[in-house]
Amino acid sequence: MDVETESIPRLELEAVIGFNGHVSSGLRVHPDNEHMIYPLGCAIILKRIKDGKQEFLHGHTNNVTCISVSKSGLYIASGQVNFMGFKATIIIWDYATRTIYTELVLHKAKVEALAFSPNDKYLVSLGGQDDGSIVVWNIETKQAICGSPASAQSAGHSLILQYSNTNDNIFVSAGSGTLRVWELDLPNRKIRPTECQTGKLKRTVKCLEISEDDQVIFCGTMSGDIMKVNLKTKLLNHCGPAKSKYSMGVNVIKILKSGDLLVGCGSGTVTLSSGTNFKTLKKVDLEKAVTSIATLGDGNEFFVGTEAAQMYRFSYENFKVELISTSHNDAVKDVAIFGTSELFATCSDEDIRVWYTGKPKELLRITIPNVTCNSVDFMFNGQSIISAWNDGKIRLFGPESGKLMLTIHNAHTMGATAIAGTRDCKRIVSGGGEGQVCVWELKPRSYRLLEAMKQHKAAVTCLKIKSDDTECVSASSDGTCIIWDIVRFVVRQMMIANTLFRTVCYHPEEFQIITSGTDRKVAYWDVFEGKSALRQLEASQSGAINGMHISQDGKYFVTGGDDKLVKVWDYMLGGVTHVGVGHGGSITSMKICSNSRNLVSTSADGAILCWKFPHVPSS
């Protein structure tokens, strides 16, 4: 975080929507049985199960790839990915104080898996495929004890680690064609592996679970079967089920007190299976691959996380399922707020979702497979949601039913990138990847192209329409910002700057516009005489500004970008009044609610954050 912003008051965070469902066993329940722990971008979220209150652990510089919680609950460990040629950090967090206990740096590019020893003495870490090593760390001294290549040269990459439940010196690693039991020799500072003998079976192991008495290792494989290996003899006991394998591989296994297994599959099925012959006892199908199963207390309830970034709560007795949280599983491209500020819509790859602002909850999901929605907005009368898609089409949906009302085909040749609707709800203005700005007239169940205006040389990134519906402003990544007359279809004004414009806003009194982009500056322009900027503010220390919005009274505006900070600015003074820290990825868009009570920001890690807007509007 910038040194200059450290003394500035913080924005109050009201809610976070988001969960990275791609992290294997990323969803955990803390041993206190009061908090869920899961990753979101570069952050780790601690969510109280009882009332949903969230806390954040910030410290990683890139996406979190693995999480482990110590048996005592004193520590949480998390690893991240990094760029090639750079080291990936492991952070051990002190759970009680919610602070960083230590940072461990040794692995290259990625930390694949982490595991704590049963008595919190050691942490063992596994590097990604560019690193391929296992390192044992002493938690007390915060130093590495020893390391070793994770698998033999003849075998594939290791993917997973699991520590013994009773012995601080024994842990297991597994992966593509490799299953090894390791023994730590502390006096000689060495770890010695023993290969498990699986006979003719060659499997890629995706998950490991060791029975509480340390007798048996259960290995879930990509082939859809489970191998049962004796930990003492390192020999294969059994492999099953014999006939109907688990569809699309076994992603996660949990052993219950009864000895039965909970199995999560790549097809999205959660199965209760017998621990002896792996016969299916009960099963439930969910959306997309299951990546996490976390038991609560003695296992009467458990939580399941999927690749669709959804969390479910299961009851063990009747195997009843309850969907407790939904979120985008990809970068959120845009956010739009409905006039009354009660609803807001977000768009991402393949879908548009409508949320309730009060206690953020998904009300509607509109899915169109294999295409990406680049921009979304509500029509002023609230009777339709307008959206721009990368297949060049503009689609209008009903805001309650989600039903497709109208499609404008071939609106843009290189994908529709920006969209806005007029106040009289009779016209739509759209921008495309080829730089065209098109004005469309809407009729009942049909449309007409009024004009296609070509001046930009690159993609149109943002569009805003003046309140009297006579002009609009378009920002483009060719370094120009154009004010168009949308009655006579001519250029009124052109602003040129040495930047890739990302966003533009009209001041509510409409005598000025503000722009920002990759030069990290916010520029003020006069609408009538726009040859040069009236004023420029240094808005960010690092990275582009991707999102910006002005409050309805015109006194404040907000910015967000690649520095992951939400900043509230005083429009006249040009200073930052508040800073919001919470995003784990680059901020992609943001909007202030029309009642100036809330502020919604979205980011590239799929997160949606709702903040309390600090300035109460003057009545």
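Conventions adopted
- Residues numbered from 1 in each chain as written.
- Predicted model: local features only at pLDDT ≥ 70, side-chain atom pairs only at ≥ 80, totals over all residues.
- Heavy atoms only, no water.
- 1 Å grid on protein atoms, 1.4 Å probe; cavity = no way out; pocket = protein on both sides within 12 Å on 5 of 7 lines; lining within 4 Å.
- Points joined across faces, edges and corners; volume = space filled by probe spheres on them.
- Helix = DSSP H or I, 4+ residues; strand = E, 2+ residues; numbered from the N terminus.
- Nonpolar A, V, L, I, M, F, W, Y, C, P; charged D, E, K, R; others polar.
- Buried < 20%, exposed > 50% of the residue type's maximum accessible area, 1.4 Å probe, protein only.
- Pairing = 2+ DSSP bridges.
- Axes fitted to C-alpha atoms, helices over the stretch in contact; angles between N-to-C directions.
- Contact = heavy atoms within 4.5 Å.
- Polar contact = N/O pair within 3.5 Å; in protein donor to acceptor, adjacent residues only side chain to side chain.
- UniProt positions renumbered as here; feature names shortened; annotations may be inferred.
- Phe/Tyr/Trp six-rings, centres within 6.5 Å; stacked < 30°, edge-to-face > 60°.

*Asks:* Explanation requested: empty space enclosed by the protein in the structure shown.
*Replies:* By rolling a water-sized probe across the atoms, one finds the places where empty space is left. Counting across every chain of the model gives 1 cavity of 30 Å³ or more. In this model, the largest cavity occupies a volume close to 30 Å³. In terms of lining residues, the largest cavity is bounded by Ala 497, Thr 499, Phe 501, Thr 515, Ser 516, Asp 519, Lys 521, Ala 523, Trp 525 and Gln 536. For the lining of the largest cavity, the element with the highest residue contribution is strand E46 (residues 521–526), accounting for 3 residues. Considered class by class, the residues forming the lining of the largest cavity number 4 nonpolar, 4 polar and 2 charged.

*Asks:* Sorry if this is basic, but what is going on with unusual backbone geometry here?
*Replies:* Negative phi is the rule for most residues except glycine; trans is the rule for most peptide bonds. Between Gly 240 and the following residue, Pro 241, the backbone shows a cis peptide bond with an omega angle of -5°. Looking at the secondary structure, you find Pro 241 in the loop between strand E21 (236–240) and strand E22 (250–255). Of note, Asp 120 is a non-glycine position whose phi angle comes to about 60°, a positive value. Take Asp 120: it is sitting in the loop between strand E10 (111–116) and strand E11 (122–127). Residue Asp 120 is classed as buried on the basis of its relative accessible area, which comes to 12%.

*Asks:* Would you mind showing me how to read the sheet that holds strand E28 (residues 311–315) here?
*Replies:* Adjacent strands of a sheet pair through backbone hydrogen bonds, lying either parallel or antiparallel. On the basis of which strands lie adjacent, the open sheet formed by 4 strands has the order E26-E27-E28-E29 and antiparallel pairing. What marks the edges here is a single partner per strand, and that holds for strand E26 (290–296) and strand E29 (321–325). Recorded for the sheet is a direction-independent mean angle of 25° between the axes of neighbouring strands. Across 6 bridges, the pairing between E26 and strand E27 (residues 301–306) is antiparallel. Looking at the pairing, Thr 295 lines up with Phe 302 of E27.

*Asks:* Would you take a moment to explain the environment of Asp 478 for this structure?
*Replies:* Structurally, Asp 478 can be placed in the loop between strand E41 (471–476) and strand E42 (480–485). Separated by 43 residues in the primary sequence, Asp 478 and Gly 435 have C-alpha atoms spaced 8.7 Å apart. Those residues in contact with Asp 478 that sit more than four places away from it in its chain are His 456, Lys 457, Ala 458 and Thr 499. Here Thr 480 takes part through its side chain, which lies 2.7 Å from a polar atom of the side chain of Asp 478.

*Asks:* Looking at this model, I keep getting lost on the UniProt feature "repeat: WD" (unreviewed entry) in the chain. Mind explaining?
*Replies:* With numbering aligned to this structure, UniProt lists the feature "repeat: WD" (unreviewed entry) at residues 104–147, 409–443, 453–486, 538–570 and 580–612. Across residues 409–443, helical content stands at 0% and strand content at 57%; the span's end C-alpha atoms are separated by 15 Å. The annotated region residues 453–486 carries 0% helix and 59% strand content, and the separation between its end C-alpha atoms amounts to 10 Å.

*Asks:* What exactly am I supposed to notice about the pairing of E29 here?
*Replies:* Looking along a regular strand, one sees side chains alternate from face to face of the sheet. As paired elements, E28 and E29 share 4 bridges and run antiparallel to each other. Its bridge partner being in E29, Arg 313 is matched across the sheet by Glu 322. Taken together, E28 and the strand that follows it, E29, pair antiparallel across an intervening segment of 5 residues, in which Phe 319 is found at a positive phi of about 55°.

*Asks:* What's the story with the packing of aromatic side chains in this structure? I'm lost.
*Replies:* To describe a pair of aromatic rings, one takes the distance between the centres and the angle between the planes. Applying the stated criterion across every chain yields a total of 17 aromatic pairs. Ring centres 5.1 Å apart and planes at 50° place the aromatic pair Tyr 75 and Tyr 101 in the tilted group. Placement of the pair is Tyr 75 in strand E7 (residues 75–80) and Tyr 101 in strand E9 (residues 99–108), with a sequence separation of 26 residues. Looking at Tyr 75, the relative accessible area reads 15%, which means it is buried. Ring geometry for Phe 302 against Phe 314: centres 4.9 Å apart, planes inclined by 10°, an arrangement best described as stacked. Taken together, the residues span a long stretch of sequence, with Phe 302 in strand E27 and Phe 314 in strand E28 at a distance of 12 residues. According to the relative accessible area criterion, Phe 302 is buried, its value standing at 0%. On the accessibility criterion, Phe 314 (1% relative accessible area) is buried. Members of the aromatic cluster, joined through ring pairs, are Tyr 524, Phe 557, Trp 569 and Tyr 571.

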